[in-house]
Amino acid sequence: MDFAVHQRSGPSHPELFEDTSTPQQQQQRNSQQQQQQAAPSFQQYGQYIQDPMVANMAMQYGSSLATSGKAYVEQNLDRYIPVSRVKFYFAVTTDYVLHKLALLLFPFLNKEWGAYNNPGGEPTRHLNSPDLYIPVMGFATYVVTVAIALGSQGKFTPEMLGMTATTAFVWLMIEIGIVQLAMYLISVTTDIKIFDLASFSGYKFVHMIVCVVSTMLMGSSGYYISFLYSSAAIVYFLICTLRYIILPDSTEDRIARGSKRRNNLLLLIAFIQPLIIFWLTHHVTYGPDPTPPPKVS
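Residues numbered from 1 in each chain as written. Predicted model: local features only at pLDDT ≥ 70, side-chain atom pairs only at ≥ 80, totals over all residues. Heavy atoms only, no water.

Caption draft 1: Summary view of the packing of helix α8 (residues 204-246) against helix α9 (residues 260-281). At a minimum axis separation of 9 Å, α8 and α9 run at an interaxial angle of 165°. In this view, α8 runs roughly antiparallel relative to α9, as classed from their interaxial angle. The handedness of the crossing between α8 and α9 is right-handed. For the contact of α8 with α9, a count of residues per class yields 22 nonpolar, 4 polar and 3 charged. (Axes fitted to C-alpha atoms, helices over the stretch in contact; angles between N-to-C directions. Helix = DSSP H or I, 4+ residues; strand = E, 2+ residues; numbered from the N terminus. Parallel < 35°, antiparallel > 145°, perpendicular 65-115°, else oblique. Left-handed = near helix turned anticlockwise from the far one by under 90°. Nonpolar A, V, L, I, M, F, W, Y, C, P; charged D, E, K, R; others polar.)

Next up, the structure:
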């Protein structure tokens with residue numbers, strides 16, 4: 001006997017309960033389902049990153065990219081700033097620094113003055129060759145020394161550190177600009193370079209430190225004595241050093257023969273130093289009196 005199986009029309013899996021959730025709940029449930037479906041792909045991506053071969057390839061690519069970027073920066077930086085040239089001015093030894101400081105403080109005892117440039121144009125590491133190490137360190141030491149001196153007098157404020165550094169740096173730039181403008185106006189061409197000029201202009205910080213320390217030790221009388229000696233020392237040092245560059249026709253008997261314009265340029269560079277030294281150090285002796293603290297009633 002055959003039995004016929006009859007199926008009713010309708011859904012094969014009828015829902016037992018009607019979905020009464022709100023649209024917000026349905027949207028949240030759908031997003032959770034999508035995250036669950038996407039989770040395996042993120043896990044596969046993490047496994048792909050942890051593969052040693054892929055990690056090595058990424059490291060090699062990053063290293064090559066960094067090397068090419070460094071080469072590009074150095075190549076374009078040399079167009080504006082001669083990095084190799086600047087490095088030379090800081091390539092000093094302890095022996096050179098000690099002897100150069102002695103030469104700056106006691107130039108009257110030196111008997112050997114001469115040009116510091118060789119035929120190739122690069123300055124040799126001679127005692128008369130300029131450097132930027134002593135000016136930079138002298139600048140930083142000057143700022144700290146002024147702060148200590150003002151602090152010992154009860155005149156120090158935190159703002160004076162930035163003010164002292166900014167003022168000294170601005171006056172240094174003004175001095176270099178004045179010399180460059182004077183060379184342009186009087187149409188004088190010399191072998192002195194911008195870094196050489198910055199070096200010779202920055203040597204005054206050594207004498208400025210001497211003036212400030214003398215003020216702390218001996219007061220105003222010590223300041224005037226050290227200022228007069230430092231002024232004479234820096235003027236004598238610059239004249240003896242720069243005359244072989246600005247006055248190329250100097251002879252062995254130390255008679256500098258040159259045009260009047262070149263002599264004036266040399267004197268300008270030398271005698272502008274005492275003026276800036278006095279302007280940047282006199283406030284240690286003649287600074288404003290400290291403001292008295294308010295009285296508590």
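Next comes the rest of the description.
Caption draft 2: Structural context of the environment of Ile277. Tracing the backbone shows Ile277 in helix α9. On the basis of relative accessible area, Ile277 is assigned to the buried category, the value being 0%. A sequence separation of 47 residues divides Ile277 from Ser230, and the C-alpha atoms of the two residues are 8.9 Å apart. (Buried < 20%, exposed > 50% of the residue type's maximum accessible area, 1.4 Å probe, protein only.)

Caption draft 3: Summary view of the packing of aromatic side chains. Under the criterion given, the structure shown has 14 aromatic pairs. Ring geometry for Tyr223 and Tyr224: centres 5.7 Å apart, planes at 65°, overall edge-to-face. Given a relative accessible area of 37%, Tyr224 falls into the partly exposed group. Members of the aromatic cluster, joined through ring pairs, are Phe108, Trp113, Phe200, Tyr203, Tyr229, Tyr236 and Phe237. (Phe/Tyr/Trp six-rings, centres within 6.5 Å; stacked < 30°, edge-to-face > 60°.)

Caption draft 4: Local environment of the pattern of salt bridges. In this structure the tally under the stated criterion is 2 salt bridges. A salt bridge links Lys100 to Asp131; the shortest N-O distance between them is 3.8 Å. Taken as a pair, Lys100 in helix α4 (residues 94-105) and Asp131 in the loop between α4 and α5 (133-152) lie far apart in primary sequence, 31 residues in all. Residue Asp131 is classed as buried on the basis of its relative accessible area, which comes to 0%. (Salt bridge = Lys/Arg side-chain N within 4 Å of Asp/Glu carboxyl O.)

All we've got here are geometric facts, nothing functional implied.
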